[in-house]
Amino acid sequence: MSPTVEGPTHASVPSATAALSAPVSAAYSYCEAVTGAQARNFAYGIRLLPTDKRHAMSALYAFSRRVDDIGDGALAPEIKLTRLEETRALLGRIRAEDIDEDDTDPVAVALAHAARRFPIPLEGLDELIDGVLMDVRGETYETWDDLREYCRCVAGAIGRLSLGVFGTVNSGSLAPADAARADEYADTLGLALQLTNILRDVREDAANGRTYLPAEDLAKFGCSEGFHSDRAPAGADFAGLVHHEVRRARALFVEGYRLLPMLDRRSGACVAAMAGIYRRLLDRIEREPEAVLRGRVSLPTHEKAYVAVRGLSGLDARTISRQSTRRRA
């Protein structure tokens, strides 16, 4: 069972899907197609949402994917900078409600509609653009505190944007002080997912000239020369480095999972499915650290489906709720 819904406390959200005009319906269909084709893990979670929230999350994903694709593409840095500022200007038009339903950009149409239906903090997408600008400029990170700021832009902001769609609920087990921290928990869960991504993609990122793990951690474990082959640098304690970062990610998951009891059943299932997939990825990386140097670590489809079913059952939300209650006792 999910927490008893007594009414939204994070924001007022629609209770049912209103009839959509043909242009808006087509725009959402486009965003859902983008999500289904490109979101390997994200799509498993949002499939569990009711239609209106699924539409809104697909619009958020499609806009975010556009920003990421600019940063990850093969364009020259100066062109990327221009494209990102053009995308920021488009976001400004969405925020100003200056997008007509017959606009030729379906992502803008869908996101503008979603932002009118849900209290989405669109400034989070500005933060995402800021984070991708860091990538384009080739920034590196000396400490975890430095990397944390980058992760808050590219992932924590997505957690807060998503919470604008999900909303929060009251239940007997939810303390008012905790409810006020929902944004913080959503942000922290985003950090956990992003750090897992960074561990999974160390070889791919190195091939693209990017290093995300903190320089002080790389030096501590003898990995400062980077990851440019399918073997760890000679004399390096690569496993020690990975286990160090895994422990950090696990602590973020523990904190971020406190969001689950604050969500309605299907929103909680969505978050539990997405986070559960990444936690299982983290387990695999911990068991075989050097696997990330040989290729992208992933879960088979049947395992992702199992995690989604587990999330829909509410088991993760109930477990976290009990743990939170014990901590407050």
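Everything in this summary refers to the structure shown in the same document.

The rules we used
- Residues numbered from 1 in each chain as written.
- Predicted model: local features only at pLDDT ≥ 70, side-chain atom pairs only at ≥ 80, totals over all residues.
- Heavy atoms only, no water.
- Helix = DSSP H or I, 4+ residues; strand = E, 2+ residues; numbered from the N terminus.
- Buried < 20%, exposed > 50% of the residue type's maximum accessible area, 1.4 Å probe, protein only.
- Contact = heavy atoms within 4.5 Å.
- Areas by Shrake-Rupley, 256 points an atom, 1.4 Å probe, with all protein chains shown as cover.
- Expected span 1.5 Å × (residues − 1).
- Salt bridge = Lys/Arg side-chain N within 4 Å of Asp/Glu carboxyl O.
- Core = buried A, V, L, I, M, F, W, Y, C linked by side-chain atoms within 4.5 Å.
- Axes fitted to C-alpha atoms, helices over the stretch in contact; angles between N-to-C directions.
- Parallel < 35°, antiparallel > 145°, perpendicular 65-115°, else oblique.
- Nonpolar A, V, L, I, M, F, W, Y, C, P; charged D, E, K, R; others polar.
- Disulfide = S-S within 2.5 Å.
- Left-handed = near helix turned anticlockwise from the far one by under 90°.
- Phe/Tyr/Trp six-rings, centres within 6.5 Å; stacked < 30°, edge-to-face > 60°.
- Lys NZ or Arg CZ within 6 Å of the ring centre and 35° of its normal.

1. Here's the deal with the overall build of the chain
Secondary structure summary: the chain contains 16 helices and 0 strands in total. Buried residues in the chain amount to 53% of all 329 residues. Taking the intrachain contacts of the chain between residues at least 6 apart in sequence as the baseline, contacts between residues at least 24 apart amount to 76%. Roughly 14500 Å² of accessible area belongs to the chain as shown, and the carbon and sulfur atoms make up 50% of that amount.

2. A word on helix α9 (residues 182–200)
Taking 1.5 Å per residue as the helical rise, α9 with its 19 residues ought to reach 27 Å, and the 27 Å between its terminal C-alpha atoms agrees with that figure. Most of α9 sits inside the fold, with 17 of its 19 residues counted as buried.

3. A look at the pattern of salt bridges
Within the structure shown, the criterion is met by 27 salt bridges. Through salt bridges with shared partners, one network takes in Glu 85, Arg 88, Arg 95, Asp 126 and Asp 130.

4. Regarding the nonpolar core
Taken as a class, soluble globular proteins show a tendency for nonpolar side chains to be buried jointly. In this structure, Phe 63, Ile 94, Leu 125, Phe 227 and Phe 253 are the most contacted members of the largest nonpolar core, which totals 100 residues. In terms of residues, this core owes the most to one element, helix α7 (residues 144–166), which gives 11 residues. With sequence-adjacent residues up to four places away left out, Phe 63 is seen in contact with Thr 87, Leu 90, Leu 91, Ile 94, Val 107, Leu 111 and Leu 125.

5. Description of helix α12 (residues 238–256)
Counted at 1.5 Å a residue, the expected span for α12 with its 19 residues is 27 Å, and the 27 Å between its end C-alpha atoms agrees. If you check which residues of α12 are buried, you get Phe 238, Gly 240, Leu 241, Val 242, His 244, Glu 245, Val 246, Arg 248, Ala 249, Leu 252, Phe 253 and Gly 256. Turning to α12, the residues buried within the fold contact α7, α9, α11 (215–220), α13 (265–287) and α14 (291–294).

6. Points about the packing of helix α4 (residues 77–95) against helix α6 (residues 123–136)
Axis angle and axis distance: for two packed helices, these are the angle between their axes and the distance between the axes, and together they describe the pair. Two numbers describe how α4 lies on α6: the axes approach to 10 Å, and their chain directions differ by 180°. One element, α4, and the other, α6, form an angle in the roughly antiparallel class. Contact residues: α4 offers Pro 77, Lys 80, Leu 81, Leu 84, Glu 85, Thr 87, Arg 88, Leu 91 and Arg 95, while α6 offers Glu 123, Leu 125, Asp 126, Ile 129, Asp 130, Val 132, Leu 133 and Val 136. Looking at side-chain class alone, the contact of α4 with α6 contains 9 nonpolar, 1 polar and 7 charged residues.

7. Topic: the side chain of His 113
Structurally, His 113 is set in helix α5 (residues 106–117). What makes His 113 buried here is its relative accessible area of 13%. With sequence-adjacent residues up to four places away left out, His 113 is seen in contact with Leu 20, Val 24 and Tyr 28.

8. Observations regarding the state of the cysteines
A full pass over the atoms with the stated rule returns 0 disulfides. Take Cys 151: it sits in no disulfide, and the sulfur closest to it among the cysteines is that of Cys 153, at 9.4 Å.

9. Examining the packing of helix α3 (residues 51–72) against α5
One can describe the packing of α3 onto α5 by two numbers: an axis separation of 9 Å at closest approach and a directional angle of 130°. By the angle between their directions, the pair α3 and α5 is classed as oblique. Considering how the two elements wind past one another, α3 and α5 form a crossing that is left-handed. Here Asp 52, Ala 56, Ala 59, Leu 60, Ala 62, Phe 63 and Arg 66 of α3 lie close against α5, whose contacting residues are Val 107, Ala 110, Leu 111, Ala 114 and Arg 117. In the contact of α3 with α5, the residues fall into 9 nonpolar, no polar and 3 charged.

10. Focus on the packing of aromatic side chains
Under the definition given, this model contains 6 aromatic pairs. Ring centres of Tyr 150 and Tyr 212 lie 5.2 Å apart, and the angle between their planes is 25°; this geometry places the pair in the stacked category. Placement of the pair is Tyr 150 in helix α7 and Tyr 212 in the loop between α10 (202–207) and α11, with a sequence separation of 62 residues. With respect to class, Tyr 150 is no different from Tyr 212; both count as buried. With centroids separated by 5.4 Å and ring planes inclined at 65°, the aromatic side chains of Phe 227 and Phe 238 adopt a geometry described as edge-to-face. Remark: Phe 238 occurs in helix α12 and Phe 227 occurs in the loop between α11 and α12; sequence separation between them is 11 residues. With respect to class, Phe 227 is no different from Phe 238; both count as buried. One aromatic cluster is present, formed by Tyr 141, Tyr 150 and Tyr 212 through successive ring pairs. Positioned over the ring face of Tyr 44 is Arg 47, at 4.9 Å from the centre of the ring. Sitting above the plane of the Tyr 257 ring, Arg 279 keeps its charged end 5.0 Å from the centroid.

Worth remembering: the numbers are spatial, not functional.
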